[in-house]
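# Structural overview
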Amino acid sequence: MEIYLDNSATTRCYPEVGKLVYQVMCQDYGNPSSMHRKGMEAEHYIRDAKETISKTLKVSPKEIFFTSGGTESDNLALIGAARANRRMGNHLITSSIEHPAILNTMRYLEEEEGFRVTWLPVDADGRISLEALKEALCRETILVSVMYVNNEVGSVQPVAEAARIVKNYNPRILFHTDAVQGYGKYYIYPKRLGIDMLSASGHKIHGPKGVGFLYIGDRVKIKPVMFGGGQQKNIRSGTENVPGIAGLGLASEMIYQDLEAKVEKMRELKAYFIEGIRGMERTVIHGLCDESSAPHIISVGFAGVRSEVLLHTLEEKEIYVSAGSACASNHPAISGVLKGIGVPREYLESTLRFSLSEFTTKEEIDCTLETLYNCVPMLRRYTRH
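### Regarding the overall build of the protein
In terms of regular secondary structure, the protein is built from 13 helices and 12 strands. For the protein, the C-alpha radius of gyration of 21 Å lies close to 21 Å, the compact-globule estimate for 385 residues. Each of the three principal axes of the protein carries a C-alpha extent, and together these read 65 × 55 × 35 Å. Across the 385 residues of the protein, 58% fall into the buried class. Element-wise, carbon and sulfur atoms account for 50% of the exposed surface of the protein, whose accessible area totals about 17,000 Å². Looking at the protein, you have 45 positive and 47 negative side-chain charges, and the mean spots of the two groups are 6 Å apart.

### Some thoughts on the pattern of salt bridges
Two side chains of opposite charge can pair, provided their charged atoms sit close to one another. Applying the stated criterion to the full structure yields 12 salt bridges. In this structure, Glu-63 and Lys-191 form a salt bridge, with 2.9 Å as the shortest nitrogen-oxygen distance. Taken together, the residues Glu-63 in the loop between helix H2 (37-57) and strand S2 (64-67) and Lys-191 in helix H7 (residues 190-193) connect sequence positions 128 residues apart. The salt bridge involving Arg-306 is made with Glu-308; its shortest N-O contact spans 3.3 Å. A residue is classified by how much of its surface remains accessible, and Arg-306, at 40% relative accessible area, is partly exposed. Accessibility expressed as a relative area gives 24% for Glu-308, which makes it partly exposed. What emerges from the salt-bridge pattern is a single network uniting Arg-37, Lys-38 and Glu-41.

### Thoughts on the sheet that holds strand S10 (residues 297-302)
If you walk across this open sheet you meet the three strands as S9-S10-S12, and the pairing is antiparallel. Strand pairing shows two members of the sheet lacking a second neighbour, strand S9 (283-286) and strand S12 (351-355), which therefore form its edges. Put simply, the sheet's adjacent strands are angled 30° from each other on average, direction ignored. Alignment of S9 against S10, held across four bridges, turns out to be antiparallel. Within S10, the residue paired with Thr-283 across the bridge is Phe-302. Strands S10 and S12 of the sheet are contacted by helix H10 (residues 307-316), whose axis makes an angle of about 40° with S12.

### Section: the packing of H10 against helix H13 (residues 362-381)
Helix-helix packing is described using two parameters, namely the angle between the two axes and the distance between the axes. Interaxial distance between H10 and H13 falls to 11 Å at its minimum, and their mutual angle equals 135°. Put simply, H10 runs oblique to H13. In terms of crossing hand, the pair formed by H10 and H13 is right-handed. On H13, the residues that touch Val-309, Leu-310, Thr-313 and Leu-314 of H10 are Thr-371, Leu-372, Cys-375, Val-376 and Leu-379. Here the contact of H10 with H13 is composed, by residue class, of seven nonpolar, two polar and no charged.

### Description of H2
Every α-helix carries 3.6 residues per turn, so stepping three or four residues along brings you back to the same face. Spanning 21 residues, H2 covers 31 Å between terminal C-alpha atoms, matching the ideal 30 Å at 1.5 Å per step. Of all the positions in H2, only Gly-39, Ala-42, Tyr-45, Ile-46, Ala-49, Lys-50, Ile-53, Ser-54, Thr-56 and Leu-57 are classed as buried. Down the axis, H2 shows its buried residues gathered within 160° of arc, on one side only. Residues Arg-37, Met-40 and Lys-55 are exposed on H2 and point more than 90 degrees away from its buried face. Here the buried face of H2 lies against helix H1 (15-26), S2, H7, strand S7 (197-201), strand S8 (212-216) and helix H8 (242-255). Remark: Lys-58 follows H2 within two positions and exhibits a positive phi of approximately 60°.

### So, the environment of Gln-232
Here Gln-232 is to be found in the loop between S8 and H8. Under the relative-accessibility criterion, Gln-232 is labelled buried at 10%. Remark: the alpha-carbon pair of Gln-232 and Leu-193, spanning 39 residues in sequence, is separated by 25 Å. For Gln-232, the contacting residues outside a window of four places in its chain are Ile-64, Phe-65, Phe-66 and Glu-240. At 2.7 Å, the side chain of Gln-232 and the backbone nitrogen of Phe-66 are in polar contact.

### With respect to a negative patch on the surface
On the surface, Glu-264, Glu-268, Asp-290 and Glu-291 cluster together into a patch of negative charge. Looking at the secondary structure, you find Asp-290 in the loop between S9 and S10.

### Re the packing of aromatic side chains
The relation between two aromatic rings is expressed through the spacing of the ring centres and the mutual angle of the planes. For the coordinates displayed, the defined rule picks out eight aromatic pairs. Considering the side-chain rings of Tyr-148 and Tyr-186, the 5.7 Å spacing of their centres and the 50° angle between planes classify their relative orientation as tilted. Within this pair, whereas Tyr-148 is found in the loop between strand S5 (141-145) and helix H6 (159-169), its partner Tyr-186 is found in the loop between strand S6 (174-178) and H7, the two being separated by 38 residues in sequence. Each member of the pair, Tyr-148 together with Tyr-186, is buried. Ring centres 5.7 Å apart and planes at 40° place the aromatic pair Tyr-187 and Tyr-256 in the tilted group. Here Tyr-187 is found in the loop between S6 and H7, whereas its partner Tyr-256 is found in the loop between H8 and helix H9 (259-277), with 69 residues between them in sequence. Taking NZ or CZ as reference, Arg-12 lies 4.2 Å from the ring centre of Phe-359, over its face. The aromatic ring of Tyr-29 is capped on one face by Lys-38, whose charged end is 4.4 Å from the ring centroid.

### Here we look at empty space enclosed by the protein
Within this structure, the stated rule accounts for one cavity of 30 Å³ or more. Of the volumes computed, that of the largest cavity is approximately 90 Å³. Tallying contributions element by element places H9 first for the lining of the largest cavity, with three residues. Residues that form the lining of the largest cavity fall into these classes: four nonpolar, six polar and four charged.

The rules behind each value
Residues numbered from 1 in each chain as written. Predicted model: local features only at pLDDT ≥ 70, side-chain atom pairs only at ≥ 80, totals over all residues. Heavy atoms only, no water. Helix = DSSP H or I, 4+ residues; strand = E, 2+ residues; numbered from the N terminus. Rg over C-alpha atoms; globule rule 2.2 N^0.38 Å. Buried < 20%, exposed > 50% of the residue type's maximum accessible area, 1.4 Å probe, protein only. Areas by Shrake-Rupley, 256 points an atom, 1.4 Å probe, with all protein chains shown as cover. Lys, Arg positive; Asp, Glu negative; His and termini not counted. Charge placed at Lys NZ, Arg CZ, Asp CG, Glu CD. Salt bridge = Lys/Arg side-chain N within 4 Å of Asp/Glu carboxyl O. Pairing = 2+ DSSP bridges. Axes fitted to C-alpha atoms, helices over the stretch in contact; angles between N-to-C directions. Contact = heavy atoms within 4.5 Å. Parallel < 35°, antiparallel > 145°, perpendicular 65-115°, else oblique. Left-handed = near helix turned anticlockwise from the far one by under 90°. Nonpolar A, V, L, I, M, F, W, Y, C, P; charged D, E, K, R; others polar. Expected span 1.5 Å × (residues − 1). Arc of directions from axis to C-beta. Polar contact = N/O pair within 3.5 Å; in protein donor to acceptor, adjacent residues only side chain to side chain. Patch = residues over 30% accessible without salt bridge, like charges linked within 9 Å, V, L, I, M, F, W, Y side chains within 5 Å. Phe/Tyr/Trp six-rings, centres within 6.5 Å; stacked < 30°, edge-to-face > 60°. Lys NZ or Arg CZ within 6 Å of the ring centre and 35° of its normal. 1 Å grid on protein atoms, 1.4 Å probe; cavity = no way out; pocket = protein on both sides within 12 Å on 5 of 7 lines; lining within 4 Å. Points joined across faces, edges and corners; volume = space filled by probe spheres on them.

Structure follows, in structure tokens:
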């Protein structure tokens, strides 16, 4: 039995999404910039996707811009907004445990474009310090970016409180959230929360890879980082990925159908898995385990076993998990997130992430637990001390 527990890295498409993508690629394949009927059909798919996604966020379709995924959305939000608002100041704020798409973009802005960046610390549960945020804000601050859900340990950031603090200090400061791991798991309404920009990705919600979106509030001042034919109001030039956009729109609609039931199922399986793991010696769950944490992410440290060794041992049993970040697990390195939350040294190189989806079953969890109980003690015996 193949068991896929790496859904924070990517998800399998809904079958309906796959069928729609094929149809748009092979039948309704017109260029949306063309003036003839085939082009109009393609444009219709884009318009429908914008309307569908905007309804899930309770925003205007005009505020949805399509990209190649979460990384591009993050880059466009940070670089575009920083450059557009530089006359107001040059100070940016983010957390120390963001996704690399945020961390490396912030480093670029700091090292290459002269912006000053403040990196907010997090507590042992992986949540930012709101007091540190208050202290960091200053007259030069123009942009704050805090992720919605951490991709490694599943901590849910106090985004609403953080945005409120920022807007109370200065309403002109832009607030961005990387919601790649939160969109499709939570109802997120940017205008209620004080979010000016929000990034999301298709392949995390049973949609296609290579497509995502960036919500940009209508009052946000932003500059493009790609130049070309002026598509999407000149914010993101380039011929739109119509098959991907159509698939993303349908996946967004489908994942929010019966969302409460889907999330409850994942929470029950997560609690069941954690209860089973706690019966193992020298293991630890990183971050929170209750309903204040994400329903689908479980980070487990297995002392005495290197994460890559355990990952490949599980792989031999057709159980697929991740070691570290969703986008860097094939380049093993010490996790900055785990170091940031103060994980003891013996677990830094011995942690795996198990991530669930609405398709995960109790039978799969039972099989995974049984395999772990059998293989972890064996691997510990062969570990060099």
